[in-house]
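Descriptive analysis of the structure
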Amino acid sequence: MSKKRMTLSLIVLISSVFLFVFTSFAWFAISDIISIGGQTIKLADIEATATLYVSTDDITYYEATEISITNSIPGTVMYYRLVIENTGDVDIRSKVNLYGFTNNVADPLASDDNFQSGKTLMDIIRVSESNDWNSEVLDNVLLSTLIPYVSSGDYSQSSATLVEVLSLDVGNIATVSFSLTIDGALAGNDYQNLMLEIANLAIQSIG
Amino acid sequence: MKRRIILLSISSLIFIIASIVMLGITYGWFSSLTSIPNNEISVGDLRYTPSGELQAGGVSYVYLPGEELIVSTISIDNASPIESQLRVKIEYTKWTFDGTLQSATVAYTGSASDHIVVGLGANLTRVGNYYYYGGESNVLNPDSGVMTIVTSLYYDGSVATFDYAGQAITVTITIEVKQAGDVTWSDLTDYNFSTGYPN
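Just so we're clear, the structure is a prediction, and the values are computed from it rather than from any experiment. (Residues numbered from 1 in each chain as written. Chains lettered and ligands numbered in written order. Predicted model: local features only at pLDDT ≥ 70, side-chain atom pairs only at ≥ 80, totals over all residues.)

**Here's the deal with the overall build of chain B**
Our working rule: Every helix listed is a DSSP run of H or I at least four residues long, and every strand listed is a run of E at least two residues long, numbered separately from the N terminus. Just to be clear, the radius of gyration here is over C-alpha atoms, and the globule rule we use is 2.2 Å times residues to the power 0.38. Counting other C-beta atoms within 10 Å of each residue's C-beta, where C-beta atoms are placed from the backbone, gives the exposure class: buried for 20 or more, exposed for 12 or fewer, partly exposed between.
In terms of helices and strands, chain B carries one helix and 11 strands. The linear arrangement of helices and strands in chain B, starting from the amino end, is α-β-β-β-β-β-β-β-β-β-β-β. A compact globule built from 199 residues should have a C-alpha radius of gyration of about 16 Å, whereas chain B, at 34 Å, is more than 25% larger. A principal-axis box enclosing the C-alpha atoms of chain B has dimensions of 120 × 40 × 30 Å. Residues counted as buried form 28% of the 199 residues belonging to chain B.

Okay, here's the thing in structure tokens:
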């Protein structure tokens, strides 16, 4: 009898906790403010906007919606600027990374020999990064060295960090400059017709 | 009593775990993710289609100096989606008599000492043993179309003397291409002609 009561008690306890979690989530999700007994609590609004710019010469930049380097040749360099603004109402810490890598052939109608032999553009793309907010830099490092090794070869859940921490007060704007280079010394004809898809250029912010 | 303590411990443990889960979810509320999706980086590829033909030759083929070896003009169609470069090397067997009869495989350079006459495409410029299309550093635009390489090739009867009588010869036209930039050259195709003295 005691065992049965204890089991029921546990079930009720667990259910209560989850009920509390879900109702709180729903409450927080649809509210900007919470009023408890006359006290008004404004919920924290963590929000950062990011705008991407691209350039071929590091002089003239244009707004871009994505990183897109197609039909490149060894030596190709593309320059990017990512402008991040804290548009929320609390100070935030932001992290910038490239997330989700998938190797593929650039043109399925052309030869896929290089793809089948296991070549990946991660081994010939060099990344440089600097920003106007802190001293974090990447100096022409291979993209593959920024990504933890995955034995299965599936890098779709992997990420490469460009900036570890940007501490932004409300209204602050930081500019992250980075470049992607197809290393001419490493990229021979054995890297032709390869493509690297990157699922997201992600900016994660916490309050 | 002991049993109660165990059950109480289990209960407490579950409560703590649930609290941690709740904390984790709450932490999730106070974060934000901004993402720029669908990014891609690709390297193009070379797409050249050679055409043209040399005489078939063969060990029983009897070649006479002055005879045209090009059956149809050798040309290349560039349909590459990227910038690229092209060069050509023509090598042939050169027989000379300097006390003893000797042969060597030499590259055609368009000099007076050459024993063959070659009609080259107008845009080929020699640097060393190679003829570069448009010059050594010239970069071909993507999908630049058809390029004439060799229109005519034959041994010059005025310099290919009696030394050649009864000797075998070989002519090789090697066409190399590469992506523009700092990349090593690789063979696109070879055109070969050879004879042997008929038995």
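Now that the structure has been shown, the text picks up again.
**Focus: the nonpolar core**
Under the convention used in this document: In this usage, the nonpolar core is the set of buried Ala, Val, Leu, Ile, Met, Phe, Trp, Tyr and Cys residues whose C-beta atoms join them within 7 Å.
One finds Ile84(A), Leu121(A), Ile125(A), Val176(A), Leu196(A), Ile41(B) and Val43(B) to be the most contacted residues of the largest nonpolar core, which totals 44 residues. The set of elements that each furnish at least two residues to this core consists of strand S6 (77–86), strand S7 (92–105), strand S10 (159–168), strand S11 (173–182) and strand S12 (194–206) of chain A together with strand S1 (31–43) of chain B. Sorting elements by how many residues they give to this core places S12(A) first, with seven residues. The next biggest cluster of nonpolar side chains, apart from the first, holds 32 residues, and it includes Leu46(B), Leu86(B), Val150(B) and Val177(B).

**Re the pairing of strand S10 (residues 170–179) of chain B**
As a reminder of what qualifies: Any two strands are treated as partners once DSSP identifies two or more bridges connecting them.
As paired elements, strand S4 (residues 84–98) of chain B and S10(B) share nine bridges and run antiparallel to each other. Paired with Gln85(B) across the strands is Lys178(B), a residue of S10(B).

**Regarding the environment of Leu201(A)**
Keep this limit in mind: In this description, any two residues whose backbone-derived C-beta atoms lie within 7 Å of each other are considered to be in contact.
Within the fold, Leu201(A) resides in strand S12. Those residues within four positions of Leu201(A) in sequence are excluded, and the remaining contacts are Ile67(A), Leu98(A), Ser35(B), Ile36(B) and Asn39(B).

**Brief notes about the environment of Asn114(A)**
Residue and element names in this part refer to chain A. Of note, Asn-114 is situated in helix H2 (residues 113–116). Separated by 10 residues in the primary sequence, Asn-114 and Asn-104 have C-alpha atoms spaced 10.0 Å apart. Discounting residues that sit within four places of it in the chain, Asn-114 has contacts with Lys-119, Asp-190, Tyr-191, Gln-192, Asn-193 and Leu-194.

**Things to note about the sheet that holds strand S2 (residues 48–54) of chain B**
Residues and elements named next belong to chain B. Note the cut-off: Every axis corresponds to a line fitted to the C-alpha atoms, with the helix fit spanning only the stretch in contact, and the corresponding angles, defined between N-to-C directions, vary from 0 to 180 degrees.
Pairing is antiparallel across the open sheet formed by four strands, whose spatial order is S2-S3-S9-S6. Strands at the two margins of the open sheet, each flanked by one partner only, are S2 and strand S6 (116–120). Each neighbouring strand pair of the sheet contributes to a mean axis angle of 15°, computed without reference to strand direction. In terms of strand pairing, S6 meets strand S9 (residues 145–155) through five bridges, oriented antiparallel. Each residue of the ladder has a partner; that of Leu-120, found in S9, is Val-150.

**Remarks on the interface of chain B and chain A**
Spelled out, the test is: Classes in brief: Ala, Val, Leu, Ile, Met, Phe, Trp, Tyr, Cys and Pro nonpolar; Asp, Glu, Lys and Arg charged; the others, Gly included, polar.
The interface of chain B with chain A comprises 37 residues on the first partner and 55 residues on the second. Of all the secondary-structure elements, those providing two or more residues to the side of chain B that touches chain A are helix H1 (2–29), S1 and S10 of chain B. With 13 residues, the single largest contributor to the side of chain B that touches chain A is S1(B). Its residues placed into classes, the side of chain B that touches chain A shows 18 nonpolar, 13 polar and six charged. The pairing of S12(A) with S1(B) spans 11 bridges and is classified as antiparallel. Bridging across to S1(B), Glu197(A) finds its partner in Glu40(B).

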